[in-house]
Amino acid sequence: MELPGLICAFLLVACCCCRRATGVPGEAEQPTPELVEVEVGNTALLRCGPSHFPGNLSHMDWFSVYKEKPTLIFRVRQGQGQSEPGEYQHRLSLQGPGVLALTQVAPHDERIFLCQSKRPRSQEHRIQLRVYKAPEEPTIQANVLGISVNSEEPEEVATCVGRNGYPIPQVIWYKNGLPLMEEKNRIHIQSSQIVESSGLYTLKSVLKVRLVKEDKDAQFYCELSYRLPSGNHMKESREVTVPVFYPAEKVWLEVEPTGMLKEGDRVEIRCLADGNPPPHFNINKQNPSTREMEEERSTDNGLLVLEPAQKQHSGLYECQGLDLEAMIPLLSEPQELLVNYVSDVQVSPADPEGQEGSSLTLTCKAESNQALEFQWLREKTGQVLEKGPVLHLDHLKREIGGGYRCMASVPSVPGLNRTQLVNVAVFGPPWMASKERKVWVKENTMLNLSCEASGHPRPTISWNVNGTASEQYQDPHRVLSTLNVLVTPELLERGTECTASNSLGRNSTIIILELVSLTTLTPDSSKTAGLSTSTVSPHARANSTSTEKKLPEQESKGVVIVAVIVCILVLAVLGAVLYFLYKKGKLLCGRSGKQEITLPPSRKSEFVVEVKSDKLPEEMGLLQGSSGDKRAPGDQGEKYIDLRH
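Predicted, not measured: the structure shown is a model, and the values here were computed from it. (Residues numbered from 1 in each chain as written. Predicted model: local features only at pLDDT ≥ 70, side-chain atom pairs only at ≥ 80, totals over all residues. Heavy atoms only, no water.)

### Notes on the overall build of the chain
Argument step 1. The helix and strand tally for the chain stands at four helices and 50 strands.
Argument step 2. By sequence separation, contacts in the chain at least 24 residues apart represent 64% of the contacts at least 6 residues apart.
Argument step 3. Accessible area of the chain: about 37500 Å², with a carbon and sulfur share of 52%. (Helix = DSSP H or I, 4+ residues; strand = E, 2+ residues; numbered from the N terminus. Contact = heavy atoms within 4.5 Å. Areas by Shrake-Rupley, 256 points an atom, 1.4 Å probe, with all protein chains shown as cover.)

### Let's talk about the state of the cysteines
Argument step 1. Inspection of every chain in the model, using the stated rule, returns five disulfides.
Argument step 2. For cysteine 271, the disulfide goes to cysteine 319, at an S-S distance of 1.7 Å. With the S-S bond torsion at -85°, the cross-link from cysteine 271 to cysteine 319 turns out left-handed. Linking cysteine 271 in strand β22 (residues 267-273) with cysteine 319 in strand β26 (residues 315-322), this pair joins segments that are 48 residues apart in sequence. There is no split in this pair, since cysteine 271 and cysteine 319 are both buried.
Argument step 3. Taken N- to C-terminal, the disulfide-bonded cysteines of the chain are connected 1-2, 3-4, 5-6, 7-8, 9-10. (Disulfide = S-S within 2.5 Å. Buried < 20%, exposed > 50% of the residue type's maximum accessible area, 1.4 Å probe, protein only.)

### Details of the nonpolar core
Argument step 1. Trp62, Ile73, Phe74, Leu92, Leu102, Phe113 and Leu129 are the most contacted members of the largest nonpolar core, which has 23 residues in total.
Argument step 2. By size, the runner-up hydrophobic cluster in this structure holds 22 residues, among which are Cys160, Leu207, Leu211 and Tyr246. (Core = buried A, V, L, I, M, F, W, Y, C linked by side-chain atoms within 4.5 Å.)

### Some points on the confidence of the model for the chain
Argument step 1. Per-residue pLDDT for the chain has a mean of 81; in total, 78% of the residues score no lower than 70.
Argument step 2. Low pLDDT, under 50, characterises residues 1-28; the stretch is placed with 13 contacts to residues that sit more than four places away or in other chains.
Argument step 3. Long-range and interchain partners of residues 521-556, a stretch whose pLDDT sits below 50, account for 117 contacts in this model, where long-range means more than four residues apart. (pLDDT = per-residue confidence, 0-100.)

### Some thoughts on the sheet that holds strand β42 (residues 460-463)
Argument step 1. Within the open sheet, the four strands sit side by side as β40-β46-β45-β42. Their pairing is mixed. Every interior strand has two partners, whereas the edge strands, β40 (436-441) and β42, have only one. With strand direction ignored, the average angle separating the axes of adjacent strands in the sheet is 25°.
Argument step 2. With seven bridges joining them, strand β45 (residues 496-502) and strand β46 (residues 505-515) adopt antiparallel strand pairing. Opposite alanine 500, over in β46, you have asparagine 507 as the bridge partner. (Pairing = 2+ DSSP bridges. Axes fitted to C-alpha atoms, helices over the stretch in contact; angles between N-to-C directions.)

### Focus: the pairing of strand β18 (residues 231-236)
Each regular strand displays side chains that alternate between the two surfaces of the sheet.
Argument step 1. In this sheet, β18 lies alongside strand β17 (residues 220-228) in antiparallel orientation, the contact comprising six bridges. Directly across from arginine 227, in β18, lies its bridge partner asparagine 232.

### Some points on the side chain of asparagine 507
Argument step 1. Structurally, the position occupied by asparagine 507 is in strand β46.
Argument step 2. Accessibility expressed as a relative area gives 7% for asparagine 507, which makes it buried.
Argument step 3. Separated by 3.1 Å, the side chains of asparagine 507 and lysine 435 make a polar contact. (Polar contact = N/O pair within 3.5 Å; in protein donor to acceptor, adjacent residues only side chain to side chain.)

### Examining the environment of asparagine 150
Argument step 1. Here asparagine 150 lies in the loop between β11 (147-148) and β12 (155-165).
Argument step 2. Relative accessible area serves as the criterion here: at 48%, asparagine 150 is assigned to the partly exposed category.
Argument step 3. A sequence separation of 96 residues divides asparagine 150 from tyrosine 246, and the C-alpha atoms of the two residues are 7.6 Å apart.

### Describing the sheet that holds strand β14 (residues 178-179)
Argument step 1. Spatial strand order, β14-β13-β17-β18: four strands in an open sheet with antiparallel pairing. Looking at which strands have only one partner, the edges of the open sheet turn out to be β14 and β18.
Argument step 2. Note that strand β13 (residues 170-175) and β17 share six bridges and pair antiparallel. If you follow isoleucine 172 over to β17, its bridge partner there is glutamate 223.

### Observations concerning the packing of aromatic side chains
Aromatic rings considered in pairs are described by the distance between their centres and by the relative angle of their planes.
Argument step 1. The tally for this structure, following the rule as stated, stands at three aromatic pairs.
Argument step 2. Centre to centre, the rings of tyrosine 88 and phenylalanine 113 are 5.8 Å apart; their planes meet at 75°, and the pair counts as edge-to-face. Taken together, the positions of tyrosine 88 in the loop between β5 (80-83) and β6 (92-96) and phenylalanine 113 in strand β8 (residues 112-117) put the pair 25 residues apart, joining distant regions of the chain. Each member of the pair, tyrosine 88 as well as phenylalanine 113, carries the same accessibility label: buried.
Argument step 3. The interplanar angle of 15° and the centroid separation of 5.6 Å between the aromatic rings of tyrosine 166 and tyrosine 201 together place this pair among those described as stacked. Taken as a pair, tyrosine 166 in the loop between β12 and β13 and tyrosine 201 in strand β16 (residues 201-209) lie far apart in primary sequence, 35 residues in all. The same class applies to tyrosine 166 as to tyrosine 201, namely buried. (Phe/Tyr/Trp six-rings, centres within 6.5 Å; stacked < 30°, edge-to-face > 60°.)

### A few points about unusual backbone geometry
Argument step 1. At the junction of asparagine 276 and proline 277, the peptide bond is cis and its omega measures out at 0° in the coordinates.
Argument step 2. For proline 277, the position within the fold is in the loop between β22 and β23 (280-286).
Argument step 3. The residue after serine 348, namely proline 349, is reached through a cis peptide bond having omega -5°.
Argument step 4. Relative to the elements of secondary structure, proline 349 occurs in the loop between β30 (342-348) and β31 (353-354).
Argument step 5. Phi is positive for asparagine 164, which is not a glycine, with a value near 55°.
Argument step 6. Along the chain, the position of asparagine 164 falls in strand β12.
Argument step 7. In this model, aspartate 344 sits at a positive phi of 50°, which is unusual for a non-glycine residue.
Argument step 8. Mapped onto the elements, aspartate 344 comes out in strand β30.

### Examining the environment of leucine 102
Argument step 1. Note on placement: leucine 102 falls in strand β7 (residues 99-102).
Argument step 2. By relative accessible area, leucine 102 is classed as buried at 0%.
Argument step 3. It is 9.3 Å that separates the C-alpha atoms of leucine 102 and histidine 90, two residues lying 12 residues apart in sequence.
Argument step 4. Ignoring sequence-local partners within four residues, the contact set of leucine 102 consists of Asn42, Thr43, Ala44, Tyr88, Arg91, Leu92, Asp109, Phe113 and Leu129.

### Let's talk about the pairing of β22
Argument step 1. Counting buried residues along β22, five of its seven residues qualify, which places the element largely inside the surrounding structure.
Argument step 2. Two strands pair when backbone bridges link them, and strand β20 (residues 251-256) and β22 are joined in this way by six bridges, in the antiparallel orientation. Opposite leucine 253, over in β22, you have cysteine 271 as the bridge partner.
Argument step 3. With four bridges connecting them, β22 and strand β25 (residues 303-306) associate as antiparallel partners. Counted as the bridge partner of isoleucine 269 is leucine 304 from β25.

This is the structure we're talking about:
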């Protein structure tokens, strides 16, 4: 029995030796492969064991093992490498003794690579190649249709997609920053993946949740976790919210603006509810007569706009909401709306009038739901004359006549006031500004003359010449008459007169028409020589006649300045000539103070200095007529200094 046992042991050892001698890779039990990690697209360096590897590195074979089947892919003979035909033929190269480089690593390259040396004896080394690729930024799509809290099953909240990753990343869902886990009948996460043609994975994850009312503002997002050679990483999507539908439990009413309201404001009465979507609203107002709530018409669901708000809008309002899904009516608490007002401002007497020297008393009253304050203002100046509802006007004069305004205001409501205007009339004959006035015109041009008068009763105006006249009533006591007439020689000779009259008297003004000659025009004034409008209006002086519309004061000043400059230039030329003659010795000055200016015979007749008056006619800028006939120097008020003798 001992001999057969020894024989069996010998044969077993021989078999093991024979199997090692055959050199078939992968058949014997192998140690754990060496791990090499690389990202997609990079180059993987495969080393045939550590530096003390006992094999002959100048004579070896490389294999790829796929589904436990080794395939020869590269040979090394006498230190020279040669790729075998196949998928790795153009991506392998020898980088040094025992180092094989694999370029453009792809996901399908994740497998075991084996190197085998047969000299001096058979040795092999296994390498596990791991391939990684970070996925793209995750995209998330929320359910925009919304989810009802009455749903009995988890509803789709959002879908998360992570594209082109390797290996498959892990997805984690979050709500308000807290991770979500699977929960029966509450939370369900359904994930799937697609293998792209490149070998990369696209992950799709769907989150389903039974939402409650408190989730109406919840923020959801997804996170992708993945690994690279450098370690673990993650990417987050943006946050999304989902419409949550839930029935209303409460209805209330809001008014804008807040605070004290007044007539004229834009007031909004709005119904609100805590449901989504909001229920259908009706806005009701209490009828002050029947005390019943009546529906108000509104253009928008739950919004009533009062523009402008009026005192009759004050009252008791309430909102009524009807949830169309649950069909349950809801009522808000009634709310009082108060529109403050000031109305019916009246002044008595309504048409105040009096004789000169007499007195008048004006009384103002108004209606309001608040305490009132009164002020009296002069209409034409805005000056506050009196505080209180009564204004006393003593010793009436013509100047006191005109507009007076009563203002009734509510101090507790800023901006709430109403006014009433009355015109005080003082009996008297027509009142005009002056008795006589000159107007500068051009012959054969159309001229507009205006005459204004005031008085009580209101006067009428007539003209002594034929033309087209029209009247405008400035206020109950003033009238403006405009006459359009052709400037003719007869009109220049006669002049014009406007007469204002009423039952208490008459008054008039005479308008003298003067032709504008070329010598009375400066370069600036000649540009406006075509102006032919004259306005005659009341002045501050009583019982006078009319004035004409003048050119702007700045233009009149310009005319004076030009005249002064001309005079200065003439005097400067004269002084220069005298100085020149003095230097040449032709101007002798004695103690007697009187010498003859000696000039060459040829030049004695050349030096004539003209000094013009710097004063133009007073109304030169008003009406400038045509060039007309030139007058003699003596008629134009000009002065001459003759230096010839």
